[in-house]
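Report on the structure
Listed below, chain by chain, are the residues.
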Amino acid sequence: MTDTLFPNNVMTDRPVESGYFKKGCNPFAQTGRSKLQHERALLNHQIIKQMRIRAGAENLLKATSNNKVRDQVSLELSYVNADLQRLMGQLEGLNSSVEVYQNVQETSSIPLIPLGLKETKDVDFSVPLKDFILEHYSEDGSNFQDQIDDLMDLRQACRTPSRNDAGVELLAKYLSQLSFLETRFFSPTRQIGIFFTWYDSFTGIPVCQQNISLEKASVVFNMAVLYSQIGTRANRQTQDGLEDAITAFQKSAGVLHYLKETFTHTPSYDMSPAMLSMLIPMMLAQAQECLFEHITLPGIRNEFFSLLKMAQEAAKVAETYSQVYQCMIQNPIRNNVPFFWSTMCQFKTSHYNALAHYFVSTALLDHQLAPSDDEDKQEKALSQLYDAMPDGRSPLDILKNKEERRRIGKAHLQRAIMGNEEAIRTHALCQPKLDIMNDILQASHKRSLAKFEQYEKEDEFTDYMVAPDIISKTEKKAEMEVAAATKVKVADLFQRLGPLSVFSAKQRWTAPRTIRLRLQDRDLGFTLKGEPPVQIQSLDPLCPAAAEGLKEGDYLVAVGDTDCKWMGVSDVMKLLKDVDEEGINIRVVSMMDSSSQPMPTKSATYCGGLPKTYSMICLAHDEDDKNPKARKVAKKPSFLSWGLKNRLKSSSTLSLPNADYSGGLPWNRPCPTFPSSYNDSALY
């Protein structure tokens, strides 16, 4: 093996040497982020435990007609559902813990929202892959034990990636290996008994499939998560740090978009199209916020055109967060988005709108039109600020009339003050409350009040003019960036099995046959063609090799003791040119028609032609059972068809058991924040 990793529960007293772990991974890192991730794993374990209890209780409730037993089970179900609600609240609290992800050097930047890594269970590739290699490739699987161990080490390392580019590259390498693995071992017509289990990062609900697409999609999601955490931890008090944050959030959005477009039927709720359609604009909104900070970091010139420009830039940030908030409050995702996230988007919308109105008021109140100023340029800038001018006045009239400028400027100040107050009220609803955010909002509010008092006259009557909305505009809009890390070139761990174009899971061929080659009039009786592996062509049906079973189109896989799956024609001919009268043994395989093998009628991961979530497998298995072959899936209709009986046999993905009873019993009503079924077609 190229690397060695300690098991999760093994600690070591010796210092971890540099380079001991795979690059991009350190499972012993004791940071606030790693501790939160450890808490997430524990919560996921408790959630699946409660789900097992609930599934068993619902089965018993459905099977028994004894009223006393039903009453007792109903009481137990109420306790279990209460525990699930409590665990869901704790998981939401972890998703709301944004402070530990921020840069420790920052004291005046508005916090950003990171995503949380998806957790997974261990997977033992050893037995299934060795069995498949023996059965399908007719090779001794034990000869590939090192490669299998390397694959398992790589997957284990991906469970604790470092929060930097090396961690993203580690996930990308595993993703590339999964593509090779899928082609080598995952046939479209059969399952090999490898179960992938991943936990939803928002609900903690486990999803278990034999479909490797779940594994690939989850790795891609975690790549987007790492980019969001890299952007959050960047030092936004420097230009370089802001540029890193902008790039990271744009890459996060790009990876999430790639996930949405590539894996269209992902069974996990956090990777559903509805949730991704919210996460993508959220990442872009944070990138837009960092772009705004990048412009303002050197300072804002107290000059008319500069202030109007910054007003429109701030309005653009407010607009993007407003759009994200509208996505968050839509069904079906509103019940599973952390409340902290939605309130952050609300008060950021109010804060940046207030900031935009403050900049406009400062431009109108502090900068009167002077004879030396360019009237046409100022008129054009002001006309582009609104959809419709205040009170129908022309831009030039407003610029030249000192009282009119003062009146409109104060109206913008009033909207700035109201926006600041709304942001403070919204922030008060946040749990946990962020001290730094409160300080920023209070400072903005005091600044707006001070300027309003500066221009207020004692004998002035109240002016009820409402300042118009400011048109958002930006010099540089945040765009999704396709991360190059999604396509990393790696060496196929199982390349010794032969070229993928021939030696793959979807191809079928005969077992290797040994043919004794002998010269006949200095002729072998055939020629070779093609790229590795070479094929037999122009076979003389009367030659000795044909008599021993050699066929036209056979693939030559070995000459003597030399494996030649990767050899071209010239290299193979060098091995055959010294054949003497005694001859030499060669090994060949014949391609078989794979189209005649039917698709199995029943599959644990396919339903209606679409990948099916099979969380019930998780509930049926013991948590410590590591042998996939020992896992027996119950075949009782009442166990496998939870939630489908009265749903017109919907082919949508199922993630949680749902018993449909008549009546209005309290345990039959679904909890609003802990859905018992994701059969909602709006998710997919």
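Numbering of residues begins from 1 in every chain and follows the order in which that chain's sequence is written. For this predicted model, a pLDDT threshold of at least 70 governs which residues receive local features, and a threshold of 80 or more governs which side-chain atom pairs are given and counted, while totals over whole chains, interfaces and linings are taken from all residues. The basis for the side-chain values is all heavy atoms of the structure; hydrogens and waters are excluded.

1. As for the overall build of the chain
The secondary structure content of the chain amounts to 18 helices and 12 strands. Within the chain, buried positions represent 52% of all 684 residues. Each helix is a run of DSSP H or I of at least 4 residues and each strand a run of E of at least 2, with the numbering of both proceeding from the N terminus. In this scheme, a residue with accessible area under 20% of its type's maximum is buried, one over 50% is exposed, and one in between is partly exposed, where area comes from a 1.4 Å probe on protein chains only.

2. Considering unusual backbone geometry
The omega torsion of the bond from Asn331 to Pro332 falls at 10°, within 30 degrees of zero and hence cis. Looking at the secondary structure, you find Pro332 in the loop between helix 9 (304-328) and helix 10 (339-366). In the Ramachandran plot, Ser138 falls in the positive-phi region, its phi being about 55° despite a non-glycine side chain. Inspection of the secondary structure assignment puts Ser138 in the loop between helix 3 (126-137) and helix 4 (145-157). At Ser538, a residue that is not glycine, the phi angle is positive and equals roughly 50°. For Ser538, the location among the structural elements is in the loop between strand 6 (535-537) and helix 15 (544-547).

3. Considerations on the side chain of Thr266
As for its position among the elements, Thr266 is in the loop between helix 7 (239-262) and helix 8 (273-296). The class for Thr266 is buried, based on a relative accessible area of 4%. Whenever two N or O atoms come within 3.5 Å, that pair is a polar contact, provided that in protein one can donate a hydrogen and the other can accept it, and provided that, for residues adjacent in sequence, both atoms are side-chain atoms. From its side chain, Thr266 meets the backbone oxygen of Met271 in a polar contact 2.5 Å long.

4. What about the packing of aromatic side chains?
Note on aromatic pairs: the rings of Phe, Tyr and Trp (six-membered ring only in Trp) are paired at centre separations within 6.5 Å, and the planes decide the class, stacked below 30 degrees, edge-to-face beyond 60, tilted for the rest. Throughout the structure, instances matching the rule amount to 13 aromatic pairs. Taking 6.2 Å as the distance between ring centres and 75° as the angle between the ring planes, the aromatic pair formed by Tyr137 and Phe185 counts as edge-to-face. With a gap of 48 residues between them, Tyr137 in helix 3 and Phe185 in helix 5 (residues 165-185) connect regions that are remote in the sequence. A residue is classified by how much of its surface remains accessible, and Tyr137, at 5% relative accessible area, is buried. Ring geometry for Phe292 and Tyr352: centres 5.6 Å apart, planes at 90°, overall edge-to-face. Within this pair, whereas Phe292 is found in helix 8, its partner Tyr352 is found in helix 10, the two being separated by 60 residues in sequence. By relative accessible area, which is 2% here, Tyr352 ends up buried. Each member of the aromatic cluster is reached from another via a ring pair, and the members are Phe132, Tyr137, Phe144, Phe185, Phe494, Phe503 and Trp509. The criterion for a charge sitting over a ring is simple: Lys NZ or Arg CZ within 6 Å of the ring centre, and within 35 degrees of the ring normal. If you follow Arg447 out to its NZ or CZ, it ends over the ring of Tyr358, 4.4 Å from the centre. Above the plane of the ring of Phe144 lies Arg496, whose end atom (NZ or CZ) is 4.2 Å from the centre.

5. Some details on a negative patch on the surface
Patch building starts from residues that exceed 30% relative accessible area and form no salt bridge, then joins like charges within 9 Å and nonpolar side chains (Val, Leu, Ile, Met, Phe, Trp, Tyr) within 5 Å. The Shrake-Rupley method, run with a 1.4 Å probe sphere, supplies the accessible areas, and residue values consider only the shown protein chains as cover. Each reported salt bridge corresponds to a side-chain nitrogen of Lys or Arg within 4 Å of a carboxyl oxygen of Asp or Glu. The charge count treats Lys and Arg as positive and Asp and Glu as negative. His and the chain ends do not count. Every charge is mapped onto a representative atom, which is NZ of Lys, CZ of Arg, CG of Asp or CD of Glu. Judged by side-chain charge, Asp165, Asp240, Glu243 and Asp244 come together as a negatively charged surface patch. No other element matches helix 7, which puts 3 residues into the negative patch. For Glu243, the position within the fold is in helix 7. For Glu243, a relative accessible area of 40% puts it in the partly exposed group.

6. A few points about the confidence of the model for the chain
What pLDDT expresses is the predictor's confidence in each residue, scored from 0 to 100. Averaged over all residues, the pLDDT of the chain equals 79, while 77% of them reach at least 70. Confidence drops under a pLDDT of 50 for residues 1-20, and excluding neighbours within four residues, the segment shows 30 contacts in the predicted structure. It only takes one pair of heavy atoms within 4.5 Å for two residues to be counted as in contact.

7. Description of the packing of helix 3 against helix 4
Lines fitted to C-alpha atoms define the axes here, with helix axes fitted over just the stretch in contact, and angles between the N-to-C directions of these axes take values from 0 to 180 degrees. Close contact between helix 3 and helix 4 brings their axes to 10 Å; oriented N to C, the two are set at 140°. Judged by the angle between their axes, helix 3 and helix 4 are oblique. Helix-helix and strand crossings are classified by hand; for helix 3 and helix 4 the assignment is right-handed. Across the interface between the two elements, Ser126, Leu129 and Lys130 from helix 3 touch Gln145, Ile148, Leu151 and Met152 from helix 4. In terms of residue class, the contact of helix 3 with helix 4 is made up of 4 nonpolar, 2 polar and 1 charged. An angle counts as roughly parallel when it lies under 35 degrees, as roughly antiparallel when it exceeds 145, as roughly perpendicular when it falls between 65 and 115, and as oblique in every other case. Handedness of each helix crossing follows the sense of rotation of the near helix against the far helix: counterclockwise by less than a right angle gives left-handed, clockwise gives right-handed. In the scheme used here, Gly and all other residues not listed as nonpolar or charged are polar, with Ala, Val, Leu, Ile, Met, Phe, Trp, Tyr, Cys and Pro taken as nonpolar and Asp, Glu, Lys and Arg as charged.

8. Here's the deal with the pattern of salt bridges
What the rule picks out here adds up to 21 salt bridges. Note that Arg184 is salt-bridged to Asp492, the shortest N-O span being 2.8 Å. Residue Arg184 is found in helix 5, and its partner Asp492 is found in the loop between helix 14 (435-454) and strand 3 (508-509); the two are separated by 308 residues along the sequence. Judged by relative accessible area, Arg184 falls into the buried class, the value being 1%.

9. Some words on the nonpolar core
Membership of the largest hydrophobic core comes to 138 residues, with the highest contact counts inside it found for Phe185, Leu279 and Trp341. If we skip the residues at most four places from it in the chain, Leu279 touches Leu115, Phe202, Phe221, Leu256, Asp270 and Trp341. In this structure, Leu517, Ile536, Ala546 and Leu576 belong to the second largest nonpolar core, which totals 21 residues. Within this scheme, the nonpolar core is defined by two criteria: the residues are buried Ala, Val, Leu, Ile, Met, Phe, Trp, Tyr or Cys, and they are joined through side-chain atoms within 4.5 Å.

10. What to know about the side chain of Ser176
Following the sequence through the fold, Ser176 ends up in helix 5. Exposure remark for Ser176: the relative accessible area of 11% places this residue in the buried category. Not counting residues up to four positions away in its chain, the partners in contact with Ser176 are Val488 and Val490.

11. Considering the packing of helix 8 against helix 10
Closest axis-to-axis distance for the helix 8/helix 10 pair is 13 Å, and the angle between their directions is 35°. For the crossing formed where helix 8 meets helix 10, the hand is left-handed. Where helix 8 approaches helix 10, its residues Met278, Leu279, Met282, Glu289, Phe292 and Glu293 are matched on the opposing element by Trp341, Lys348, Tyr352, Leu355 and Phe359. Taken together, the residues that form the contact of helix 8 with helix 10 break down as 8 nonpolar, no polar and 3 charged.

12. Thoughts on the environment of Val482
Tracing the chain through its elements places Val482 in the loop between helix 14 and strand 3. Separated by 232 residues in sequence, Val482 and Gln250 have C-alpha atoms that sit 8.2 Å apart.

13. Concerning the pairing of strand 9 (residues 584-589)
Pairing of strand 4 (residues 513-517) with strand 9 involves 5 bridges; the strand directions are antiparallel. In the sheet register, Arg516 faces strand 9, and the bridge partner there is Asn585. A pair of strands is treated as paired once DSSP finds two or more bridges between them. The pairing of strand 7 (residues 555-559) with strand 9 spans 4 bridges and is classified as antiparallel. In the sheet register, Tyr555 faces strand 9, and the bridge partner there is Val589.

14. Re helix 13 (residues 402-428)
A helix is expected to span 1.5 Å for every residue after the first. In this model, helix 13 (27 residues) spans 39 Å end to end at C-alpha, consistent with the 39 Å of a helix rising 1.5 Å per residue. The distance from a side-chain oxygen at the start of helix 13 to the backbone nitrogen of Glu403 is 3.0 Å, and the residue carrying that oxygen is Asn401.

15. Focus on the environment of Phe494
Tracing the backbone through its elements, the reader meets Phe494 in the loop between helix 14 and strand 3. Judged by its relative accessible area of 2%, Phe494 falls in the buried class. As a C-alpha pair, Phe494 and Arg184 span 310 residues in sequence and 8.1 Å in three-dimensional space. Sequence-distant contacts of Phe494, defined by excluding residues within four places in its chain, comprise Leu129, Ile133, Phe144, Gln147, Ile148, Leu151, Leu181, Arg184 and Phe185.

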